[in-house]
Amino acid sequence: MNAIKNITIGHTERLYKPVGYTMLANLVNIVPFCLSIEAIRIIFSAFDGSGQPLDTTHLWWIFGIMAVYMLVMALAERASYRANFRGAYEMSASGRLSLAEHLRKLSLGFLSKRDPGDLSSMLVTDFMMAETGISHHLPQLMGAVVMPVLAFASLIWIDWRMAVSMFAALPLALLVLWASTKAQRKLSGRQIQAKINAGNRLEEYLQGIRVMKAYNLLGDRFVRLRNAFGELRRACIRQEALLGPFVLLSITLVRAGLTMMVLCGTYLLLGGELSILVFVLFLVVGSRVFDPLTSALTNFTEFRYFSIAGGRILSLMNEPEMKGERQSPVAGDIRFEHVSFAYQGKEVLHDITVTLPKNSLTALVGPSGSGKSTVMKLCARFYDPQQGRISFGGVPMDEIAPESLMSHISMVFQDVYLFQDTIRNNIRFGKADATDEEIIAAARKACCHDFIMRLPQGYDTMVGEGGCTLSGGEKQRISIARAMLKDAQVILLDEATASLDPENEVEVQRAINSLIKGRTVIAIAHRLKTIKNADRIIVLDNGRIREEGTHDELVRKEGLYAHLWEIQESISGWKL
Ligand SMILES: Nc1ncnc2c1ncn2[C@@H]1O[C@H](COP(=O)(O)OP(=O)(O)OP(=O)(O)O)[C@@H](O)[C@H]1O
């Protein structure tokens, strides 16, 4: 039952239709059995020495019914085929979308614990397996269950000894398969993990090829890739080698049923306790029942493997989304009260109490690793803190619906992600229903209109893979135009100009100045000169607030900030 729940990703009701059709098709499959029995009986009675003539009229009737049966079957199978395949593909298409939607609502804390390769393999491969399980394996398995049950139920009335000998080994065969369940769960888990690792290593290899060439690491990384593929090969072989004997044994046991039936039949025939007609009948039925049964047993381990893949999807689907139902205030102070935060058990922020006031520019500075980005991520509720409380406009952050909160926050980071789409649509991500005029106005304010107009198709130029390549500064300005369009009251800036050349830096700084006017801004600054005029500067050190104040106050204090300022001033005149 669990396997079926897994493979349907919790939506067992989606199976009703395909199961119904398959059951029907299997029930109708009984007709040729009955007709064959009747045909055999007629033929036998013509040659049993009683002198009866062959009843050809009756035989013609049987052929006629058989022809109609074949037509009905073709139609029923078409319907069942459509229901199975459509159901499977529709389920995985909508399942993939709802999983992607669900992932968006999980905390980054949870997501960062998972391999990106694991998640993409789940969205693509695991769904594909569940799809195949539903469309191919499940109907076959059901057929393999329904047919023997029906056959046994009818044959037992004809001759119970023959029926029992035919199916005596079946429970044993199922027991053998069941015994391999635990081993398979373990082996399949390892195989799936090996597949994910190999995918990750391959991605790392392809993405890092430039760095590897520069540092001559190709050999080293290639070894990692080779090891990962080696482990995958071993995991696959181990699974086949250990589970194969179980499957083969259960198939042999099932087939032994046929042999036992022949032996029992011969013995009964010799003793005169069985007619030749009944013996032939059992032989015909046996061959019809055992063929689908053995192919279902062959595929059963694969079905269970697919169900493990479905179970992985299901467990991710059951991962709780970030809580919070309340609407976010449009603007307000962001307040941290005794906040401590840990990544995977390692505390990186300790007992932070600070207010980031509304409509002012607060800068976060401090040495690398001091916790600036973490504070910023908590402001956007990428994570919830383990201790303390964060509020926005007086409302506890963990009571605000994450999507509502995000609609009032814009982020401009150093790494800009542009989608494979036109420049117009990339800016439109800031406001889905923006008109072309609004997009152009935002682009003008973000100082990117001019360079966009110089591109071959202007705003309709494609960016990203296969499209035009933009410089770091140009991408930055497009992301600022996006934020302009979003018009959120809170802006989170992770020093966006840090990696730009002087010319681009001036342009981007101008765009930022126009974006942040009159809003609540929290900015991470590595180069202190960019936040000299901030309303408030918070100096972090080792996850604690070391100092707070304006630039002048902090320089006068002669503490950590003054020290950092001094270092940066002294190297600002350096030239390469
Ligand atoms: N996703 C993560 N998982 C585990 N540890 C993390 C994660 N992100 C950051 N850390 C750790 O948390 C600490 C604070 O990191 P954070 O990125 O907030 O510092 P930062 O001041 O912004 O650093 P930088 O100036 O170098 O960007 C560091 O020790 C870092 O290694």
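Computed from a prediction, not measured in an experiment: that's the story for all the values here.

Neighbouring residues of the ligand: Tyr343, Lys346, Val348, Pro367, Ser368, Gly369, Ser370, Gly371, Lys372, Ser373, Thr374 and His526. Contact between the ligand and serine 370: an oxygen atom at 3.1 Å from a main-chain N or O atom of the residue. Separating an oxygen atom of the ligand from a backbone N or O atom of glycine 371 is a distance of 3.0 Å. Protein chains shield 65% of the accessible area of the ligand, which is 630 Å² for the free molecule. Among the elements of the structure, strand 2 (346–356) and helix 13 (372–379) are those that each provide at least two residues to the shell around the ligand. For the shell around the ligand, the residue count by class is three nonpolar, seven polar and two charged.

Now for unusual backbone geometry. Glycine aside, negative phi is the norm for most residues, and most peptide bonds take the trans geometry. Residues other than glycine seldom take positive phi values, yet asparagine 359 does so here, at roughly 55°. By the element assignment, asparagine 359 lies in the loop between strand 2 and strand 3 (361–365). Phi at cysteine 447 takes a positive value of approximately 55°, unusual for a residue other than glycine. Among the secondary structure elements, cysteine 447 is positioned in the loop between helix 16 (436–445) and helix 17 (449–453).

Tracing the backbone through its elements, the reader meets serine 370 in the loop between strand 3 and helix 13. At 2.6 Å, the side chain of serine 370 and the backbone oxygen of proline 367 are in polar contact. Apart from residues lying up to four places away in sequence, serine 370 is in contact with Leu349, Leu540, Asp541, Asn542 and Gly543.

We now examine the pairing of strand 10 (residues 544–549). If a strand is regular, its side chains alternate between the two faces of the sheet. Across five bridges, the pairing between strand 9 (residues 536–541) and strand 10 is antiparallel. For isoleucine 538, the partnering residue across the bridge sits in strand 10 and is glutamate 548. Once strand 9 ends, the chain turns through two residues before running back antiparallel as strand 10, passing asparagine 542 with a positive phi of about 55°.

Backbone hydrogen bonds are what pair the strands of a sheet, in a parallel or an antiparallel way. If you trace the four strands from one edge of the open sheet to the other, you get 2-1-4-5, paired in antiparallel fashion. What marks the edges here is a single partner per strand, and that holds for strand 2 and strand 5 (395–396). In this sheet, strand 4 (residues 387–392) lies alongside strand 1 (residues 334–343) in antiparallel orientation, the contact comprising five bridges. Bridging across to strand 4, serine 340 finds its partner in glutamine 387.

Moving on, we come to the environment of methionine 122. The residue methionine 122 is located in helix 6 (residues 116–158) in this model. Among residues more than four places away in sequence, those in contact with methionine 122 are Leu99, Arg114, Phe127, Arg312, Ile313 and Leu316.

Before going further, it helps to spend a moment on the packing of helix 3 (residues 30–46) against helix 4 (residues 56–105). Where helix 3 meets helix 4, the closest approach of the two axes is 10 Å, and the angle between their N-to-C directions is 165°. Judged by the angle between their axes, helix 3 and helix 4 are roughly antiparallel. Remark: the crossing between helix 3 and helix 4 carries left-handed chirality. Every residue of helix 4 that contacts helix 3 at Val31, Pro32, Leu35, Glu38, Ala39, Ile42 and Ile43 is listed here: His58, Leu59, Ile62, Ile65, Met66 and Tyr69. Taken together, the residues of the contact of helix 3 with helix 4 break down into eleven nonpolar, one polar and one charged.

Once that is clear, we can look at the packing of aromatic side chains. Counted according to the given criterion, the structure contains eight aromatic pairs. Seen in terms of ring centroids, phenylalanine 341 and tyrosine 383 are 5.2 Å apart; in terms of plane orientation they differ by 55°. Their pairing is tilted. Taken together, the positions of phenylalanine 341 in strand 1 and tyrosine 383 in the loop between helix 13 and strand 4 put the pair 42 residues apart, joining distant regions of the chain. For the residue pair phenylalanine 341 and tyrosine 383, the accessibility class agrees, reading buried in each case. One aromatic cluster is present, built from ring pairs that chain together Phe341, Tyr343 and Tyr383.

Let us now look at the packing of helix 9 (residues 181–207) against helix 12 (residues 276–317). Running from N to C, helix 9 and helix 12 cross one another at 60°; their axes reach a closest spacing of 10 Å. Compared by their axis directions, helix 9 and helix 12 come out oblique. As for how helix 9 packs across helix 12, the hand of that crossing is right-handed. Contacts from Thr181, Gln184, Arg185, Ser188, Gln191, Ile192, Lys195 and Ile196 in helix 9 reach Thr301, Arg304, Tyr305, Ile308 and Arg312 in helix 12. In terms of residue class, the contact of helix 9 with helix 12 is built from four nonpolar, five polar and four charged.

What follows deals with the nonpolar core. Formed by 52 residues in total, the largest nonpolar core has its most connected members in Met162, Met166, Phe282, Val285 and Leu316. Counting only elements with at least two residues in this core, the list comes to helix 4, helix 5 (108–113), helix 6, helix 7 (160–167), helix 8 (170–179), helix 11 (218–270) and helix 12. At 14 residues, helix 12 tops the list of elements feeding residues into this core. Valine 285 has contacts with Phe33, Ala151, Leu155 and Met166, leaving out every residue within four places of it along the chain.

Within this structure, the stated rule accounts for 17 salt bridges. Glutamate 548 is the salt-bridge partner of arginine 536, the closest N and O atoms lying 2.9 Å from each other. One end of the pair, arginine 536, is in strand 9; the other, glutamate 548, is in strand 10, with twelve residues separating them in the sequence. With a relative accessible area of 31%, arginine 536 lands in the partly exposed category.

As paired strands, strand 1 and strand 2 are joined by seven bridges and run antiparallel to one another. In the strand pairing of strand 2, valine 339 is matched with isoleucine 352. Remark: two residues form the turn of the hairpin made by strand 1 and strand 2, two consecutive strands paired antiparallel; glutamine 344 in that turn has positive phi of roughly 40°.

Moving on, we come to the environment of tyrosine 89. Residue placement: tyrosine 89 occurs in helix 4. In this structure tyrosine 89 comes out as partly exposed when scored by relative accessible area, which is 42%. Taking C-alpha positions, tyrosine 89 is 9.6 Å from alanine 130, a pair spaced 41 residues apart along the chain.

Quick look at the environment of aspartate 159 now. Position of aspartate 159 among the secondary structure elements: in the loop between helix 6 and helix 7. Spatially, the C-alpha atom of aspartate 159 lies 9.3 Å from that of phenylalanine 282, the residues being 123 residues apart in sequence. Setting aside residues no more than four positions away along its own chain, aspartate 159 makes contact with Leu268, Glu273, Leu274, Val278 and Phe282.

For the rest of this paragraph, the subject is the sheet that holds strand 10. Read across the open sheet, the six strands follow the order 6-7-8-3-9-10; overall the sheet is mixed. Unpaired on one side and paired on the other, strand 6 (409–412) and strand 10 mark the two borders of the sheet. Strand-to-strand twist of the sheet, defined as the mean angle between neighbouring strand axes without regard to direction, takes the value 20°. In this sheet, strand 8 (residues 520–524) lies alongside strand 3 in parallel orientation, the contact comprising four bridges. When the bridges of strand 8 are listed, leucine 361 appears paired with valine 521.

Reading the values: rules and limits
- Residues numbered from 1 in each chain as written.
- Predicted model: local features only at pLDDT ≥ 70, side-chain atom pairs only at ≥ 80, totals over all residues.
- Heavy atoms only, no water.
- Near = heavy atom within 4 Å.
- Polar contact = N/O pair within 3.5 Å; in protein donor to acceptor, adjacent residues only side chain to side chain.
- Areas by Shrake-Rupley, 256 points an atom, 1.4 Å probe, with all protein chains shown as cover.
- Helix = DSSP H or I, 4+ residues; strand = E, 2+ residues; numbered from the N terminus.
- Nonpolar A, V, L, I, M, F, W, Y, C, P; charged D, E, K, R; others polar.
- Contact = heavy atoms within 4.5 Å.
- Pairing = 2+ DSSP bridges.
- Axes fitted to C-alpha atoms, helices over the stretch in contact; angles between N-to-C directions.
- Parallel < 35°, antiparallel > 145°, perpendicular 65-115°, else oblique.
- Left-handed = near helix turned anticlockwise from the far one by under 90°.
- Phe/Tyr/Trp six-rings, centres within 6.5 Å; stacked < 30°, edge-to-face > 60°.
- Buried < 20%, exposed > 50% of the residue type's maximum accessible area, 1.4 Å probe, protein only.
- Core = buried A, V, L, I, M, F, W, Y, C linked by side-chain atoms within 4.5 Å.
- Salt bridge = Lys/Arg side-chain N within 4 Å of Asp/Glu carboxyl O.

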